[in-house]
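# A closer look at the structure
Residue-level listing of the chains:
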Amino acid sequence: AARHSVLCVVTMCRAVPISDLLERASQHSDKLHSLSTMLTQELDSHFPPFGRVSMPRPSMCHTSALQTPIDKERALQVPESDLLSLARSLLQAWSDPLVILSSSANSLPHPAQSSISNKIQEIQEYSKNLKDGLDILSSKMGPAAQTITSLPYRGGTDLGQDRITKLINFNFLLSCLRRDSHKIDSFLKVLRCRAAKMQPEMC
């Protein structure tokens, strides 16, 4: 309750209300998730069936150590500042891997290579803008919101020399991105909903 009252006070005292900032942020996160979903579908169009068997499990994603709510109901019980901290931690964790995906996409052995490369660049741009926006938001929501959990990527810059290895590793990294972009989008939509004082079932 105390956190919520602080949120309301901050909203009234600033030129740009938190609800407006959250609206913009959730638009960016929505775009981020839809782009990663489109990318996954494009890659799947020419992905060898045995490649799926060889792909690492989701638990191998470099962000899997971060404890996050497993569904919307759980997310609704997490304090606003903690949700924002989770979203910012996930976003920060993708800074380096996105650079690797971008450089790897330039020589990806895939018919849609050019389109995939363009979408990765778009994702980088939306990710940077969203990070800047969440930095501003966190400064308005107190110390807990400004906490970022470090989730370093240790997969190396080389996704593989042969065609199949490169496709498998690229697809795996992309599947992790899609999963995390969905979490970021969900957390920000819950925050937007709570800032707007909407009923949980309307979120």
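The structure presented is a predicted model; accordingly, all values stated were derived computationally and were not measured.

## With respect to the layout of surface pockets
- Space inside the largest pocket adds up to approximately 210 Å³.
- Contributing to the lining of the largest pocket are 13 residues, with Met-60, Tyr-153, Gly-155, Phe-172 and Leu-173 lying nearest its centre.

## Describing the state of the cysteines
- Applying the stated criterion across every chain yields a total of one disulfide.
- Across the disulfide from Cys-61 sits Cys-176; the S-S distance is 2.0 Å. The disulfide joining Cys-61 to Cys-176 has a torsion of about -85 degrees about its S-S bond and is therefore left-handed. On the criterion of sequence distance, the pair formed by Cys-61 in the loop between helix 3 (49-54) and helix 4 (72-75) and Cys-176 in helix 9 (residues 163-195) is long-range, its members being 115 residues apart. The same class applies to Cys-61 and to Cys-176, which are both buried.

## A few points about the side chain of Ser-29
- Tracing the chain through its elements places Ser-29 in helix 2 (residues 18-44).
- Judged by its relative accessible area of 0%, Ser-29 falls in the buried class.
- Beyond its immediate sequence surroundings of up to four residues, Ser-29 is in contact with Leu-130, Ile-184, Asp-185 and Leu-188.

## With respect to the packing of helix 2 against helix 9
- Relative to each other, helix 2 and helix 9 sit at 155 degrees, their axes nearing to 8 Å. Between helix 2 and helix 9, the crossing angle belongs to the class labelled roughly antiparallel. Seen along the crossing, helix 2 lies across helix 9 with a hand that is left-handed.
- Residues that form the contact of helix 2 with helix 9 fall into these classes: 13 nonpolar, ten polar and seven charged.

## Some words on the nonpolar core
- Counting 51 residues, the largest nonpolar core has Ile-116, Leu-134, Leu-137, Phe-170 and Leu-188 as the members making the most contacts within it.
- Elements with a contribution of two residues or more to this core: helix 2, helix 5 (80-93), helix 6 (95-105), helix 7 (113-140) and helix 9.

## What about the environment of Lys-119?
- Relative to the helices and strands, Lys-119 resides in helix 7.
- Residue classification places Lys-119 among the buried residues on the basis of a relative accessible area of 14%.
- Residues Lys-119 and Leu-39 lie 80 residues apart in sequence; the distance between their C-alpha atoms is 7.1 Å.
- The residues contacting Lys-119, other than those within four sequence positions of it, are Leu-35, Met-38, Leu-39 and Glu-42.

## Topic: helix 7
- For helix 7, spanning 28 residues, the distance from its first C-alpha to its last is 41 Å, which sits close to the expected 40 Å at 1.5 Å a residue.
- Inspection of helix 7 places Ile-116, Ser-117, Lys-119, Ile-120, Ile-123, Ser-127, Leu-130, Leu-134, Leu-137, Ser-138 and Lys-140 among the buried residues, and these make up the whole buried set.
- Among the residues trailing helix 7, Gly-142 stands out with phi positive, at a value near 95 degrees.

## Quick word on the confidence of the model for the protein
- Averaged over every residue, the pLDDT of the protein is 86; the share at 70 or more is 86%.
- Looking across the protein, the model is least confident in helix 1 (residues 2-13), with a mean pLDDT of 45, and most confident in helix 5, with 96.
- When the criterion is pLDDT under 50, residues 1-14 qualifies, and its contacts beyond four places in sequence or with other chains add up to 16 contacts.

## A few points about the pattern of salt bridges
- Counted under the stated rule, the structure contains eight salt bridges.
- The closest approach of N and O atoms between Asp-135 and Lys-131, which form a salt bridge, is 3.4 Å. Highlighted residues: Asp-135 and Lys-131, both in helix 7, separated by four residues, approximately one helical turn.
- Exposure remark for Asp-135: the relative accessible area of 27% places this residue in the partly exposed category.

## A closer look at helix 6
- Within helix 6, burial applies to Pro-97, Leu-98, Ile-100, Leu-101, Ser-102, Ser-104 and Ala-105.
- Those residues of helix 6 that are buried lie in contact with helix 5, helix 7 and helix 9.

Criteria and thresholds
- Residues numbered from 1 in each chain as written.
- Predicted model: local features only at pLDDT ≥ 70, side-chain atom pairs only at ≥ 80, totals over all residues.
- Heavy atoms only, no water.
- 1 Å grid on protein atoms, 1.4 Å probe; cavity = no way out; pocket = protein on both sides within 12 Å on 5 of 7 lines; lining within 4 Å.
- Points joined across faces, edges and corners; volume = space filled by probe spheres on them.
- Disulfide = S-S within 2.5 Å.
- Helix = DSSP H or I, 4+ residues; strand = E, 2+ residues; numbered from the N terminus.
- Buried < 20%, exposed > 50% of the residue type's maximum accessible area, 1.4 Å probe, protein only.
- Contact = heavy atoms within 4.5 Å.
- Axes fitted to C-alpha atoms, helices over the stretch in contact; angles between N-to-C directions.
- Parallel < 35°, antiparallel > 145°, perpendicular 65-115°, else oblique.
- Left-handed = near helix turned anticlockwise from the far one by under 90°.
- Nonpolar A, V, L, I, M, F, W, Y, C, P; charged D, E, K, R; others polar.
- Core = buried A, V, L, I, M, F, W, Y, C linked by side-chain atoms within 4.5 Å.
- Expected span 1.5 Å × (residues − 1).
- pLDDT = per-residue confidence, 0-100.
- Salt bridge = Lys/Arg side-chain N within 4 Å of Asp/Glu carboxyl O.

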